[in-house]
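Commentary on secondary and tertiary structure
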Amino acid sequence: MRAITALFFLFCFVAPSALAQLRQGFYGRSCPRAESIVANVVASRFRRDRSITAAFLRMQFHDCFVRGCDASLLIDPRPGRPSEKSTGPNASVRGYEVIDEAKRQLEAACPRTVSCADIVTLATRDSVALAGGPRYSVPTGRRDGLRSNPGDVNLPGPTIPVSASIQLFAAQGMNTNDMVTLIGGGHSVGVAHCSLFRDRLADPAMDRSLNARLRNTCRAPNDPTVFLDQRTPFTVDNAIYGEIRRQRGILRIDQNLGLSGSTRGIVSSFASSNTLFRQRFAQAMVKMGTIRVLTGRSGEIRRNCRLFNNGR
């Protein structure tokens with residue numbers, strides 16, 4: 001999997017009227033089994049592939065950070081009509097077939113009721129819990145967007161300075177704590193290709209044993225991958241913050257969180273307390289999931305997550 005490169009997010013304020021229409025248990029009457037159907041599909045995949053948590057975290061982030069949480073990322077490109085999915089940062093996002101299976105079962109149980117945007121949100125939440133992360137409730141009621149344009153995709157890379165990342169978050173209503181939580185938490189699972197952290201290999205401050213191991217791995221052809229969290233790579237936990245404190249962050253942005261005066265205190269707090277990390281990560285994920293949502297009569301409920309209902 002191409003690295004979870006862009007947990008460097010373009011957050012947008014949520015219109016109060018839209019947010020008010022999101023609520024827990026939104027499908028309680030219209031599709032009572034909605035959340036259990038998604039949970040069962042995700043659990044089935046997780047039993048065969050624990051890396052699916054990283055895939056869903058990346059999928060939700062890359063969807064929400066562009067036009068809000070509207071499942072615009074899921075639209076397939078067609079001849080003469082590219083989509084967000086076809087852009088470089090999104091080219092290796094994976095897990096779409098799991099969303100497809102959940103949608104197939106939901107359409108059989110409750111036709112035209114559960115949005116693809118809500119499926120992504122629920123699948124991510126469920127996969128986080130399966131990977132040892134916090135169990136949290138999310139409001140539902142999102143609707144699917146009517147636009148997927150590759151020109152909208154603008155996701156900063158893994159060498160973005162901490163100050164620039166803070167500004168991006170602040171401009172979109174997210175604070176520094178949210179940023180550190182989501183970047184570190186998102187990178188607690190998943191992998192990065194060597195091409196994305198070669199700058200770190202030239203850093204003399206990097207832990208020597210890790211540097212030597214990474215250099216050896218990266219000598220292999222075809223741009224190999226390494227785990228972003230060397231200690232617990234399949235668990236959503238606070239271990240990566242401890243690694244950062246020891247100069248063992250793989251990506252430049254990760255390590256810089258531990259060096260910057262504006263963020264190293266947060267990194268230290270999370271490194272010292274998995275309980276605190278779990279609490280803040282759950283809060284940040286719920287907050288992220290409400291970015292510029294469509295509700296009410298806006299957008300649509302897609303029958304197929306890969307296509308707009310008008311067939312475009």
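What you are looking at is a predicted structure, and each value in this text was computed from that prediction instead of being measured.

Under the domain assignment, the protein chain is made up of domain 1 (33–152) and domain 2 (162–287). Once you take the C-alpha centre of each, domain 1 and domain 2 turn out to be 24 Å apart. Contacts between the two partners involve 18 residues from domain 1 and, on the opposite side, 12 residues from domain 2. Taken together, both faces of the contact between domain 1 and domain 2 bury some 1200 Å²; the carbon and sulfur share is 75%. At the boundary of domain 1 and domain 2, one finds 0 salt bridges. Linking domain 1 with domain 2 are 3 residue pairs in polar contact (both at pLDDT 80 or more). Along the lines of polarity and charge, the residues of the side of domain 1 that touches domain 2 split into 9 nonpolar, 7 polar and 2 charged.

This part takes up the UniProt feature "binding site: Ca(2+) 2" (unreviewed entry) in the protein chain. Under the UniProt annotation, "binding site: Ca(2+) 2" (unreviewed entry) lies at D229, T232 and D237. Structurally, T232 is set in the loop between β2 (225–227) and α10 (239–245). Each residue touching T232, except ones within four places of it in the same chain, is listed here: S188, D237 and A239. Side-chain polar atoms of T232 contact the side chain of D229, separated by 3.1 Å. Mapped onto the elements, D237 comes out in the loop between β2 and α10. Take D237: its relative accessible area is 11%, and that puts it in the buried class. Among the polar contacts listed, one links the side chain of D237 to the side chain of T232, at a separation of 3.0 Å.

So, on to helix α6 (residues 162–171). Regarding α6, the residues found buried are V162, S165, I166 and F169. Buried positions in α6, seen along its axis, are confined to an arc of 100° and lie on one side of it. Looking at the buried side of α6, the elements it contacts are α7 (176–186) and α11 (252–259). Backbone geometry just downstream of α6 places G173 in the positive-phi region, at approximately 85°.

Judged by nonpolar contacts, the single largest core of 84 residues is most densely connected at M59, L74, I99 and F197. Among the elements that make up this core, the one with the highest residue count is helix α3 (residues 52–67) (10 residues). Taken domain by domain, the makeup of this core includes at least three residues from each of domain 1 (33–152) and domain 2 (162–287).

As a further point, take the packing of aromatic side chains. Aromatic ring pairs: the centre-centre distance and the angle between the two ring planes describe each pair. Counted under the stated rule, the structure contains 7 aromatic pairs. Between F227 and F234, the aromatic rings sit 5.3 Å apart at their centres with planes inclined by 75°, giving edge-to-face as the arrangement. A residue is classified by how much of its surface remains accessible, and F227, at 32% relative accessible area, is partly exposed. Of note, K85 hangs over the ring of Y96, and the distance from its end group to the ring centre comes to 4.0 Å.

Along helix α12 (residues 264–272), the residues that are buried comprise I266, V267, F270 and A271. The buried residues of α12 occupy an angular sector of 135° when projected down its axis, which confines them to one face. Packing partners of the buried residues in α12 comprise α7, α10, α11 and α13 (274–288).

Parameters and conventions
Residues numbered from 1 in each chain as written. Predicted model: local features only at pLDDT ≥ 70, side-chain atom pairs only at ≥ 80, totals over all residues. Heavy atoms only, no water. Domains from an automatic or database assignment. Contact = heavy atoms within 4.5 Å. Buried area = accessible area lost by both parts, 1.4 Å probe. Salt bridge = Lys/Arg side-chain N within 4 Å of Asp/Glu carboxyl O. Polar contact = N/O pair within 3.5 Å; in protein donor to acceptor, adjacent residues only side chain to side chain. Nonpolar A, V, L, I, M, F, W, Y, C, P; charged D, E, K, R; others polar. UniProt positions renumbered as here; feature names shortened; annotations may be inferred. Helix = DSSP H or I, 4+ residues; strand = E, 2+ residues; numbered from the N terminus. Buried < 20%, exposed > 50% of the residue type's maximum accessible area, 1.4 Å probe, protein only. Arc of directions from axis to C-beta. Core = buried A, V, L, I, M, F, W, Y, C linked by side-chain atoms within 4.5 Å. Phe/Tyr/Trp six-rings, centres within 6.5 Å; stacked < 30°, edge-to-face > 60°. Lys NZ or Arg CZ within 6 Å of the ring centre and 35° of its normal.

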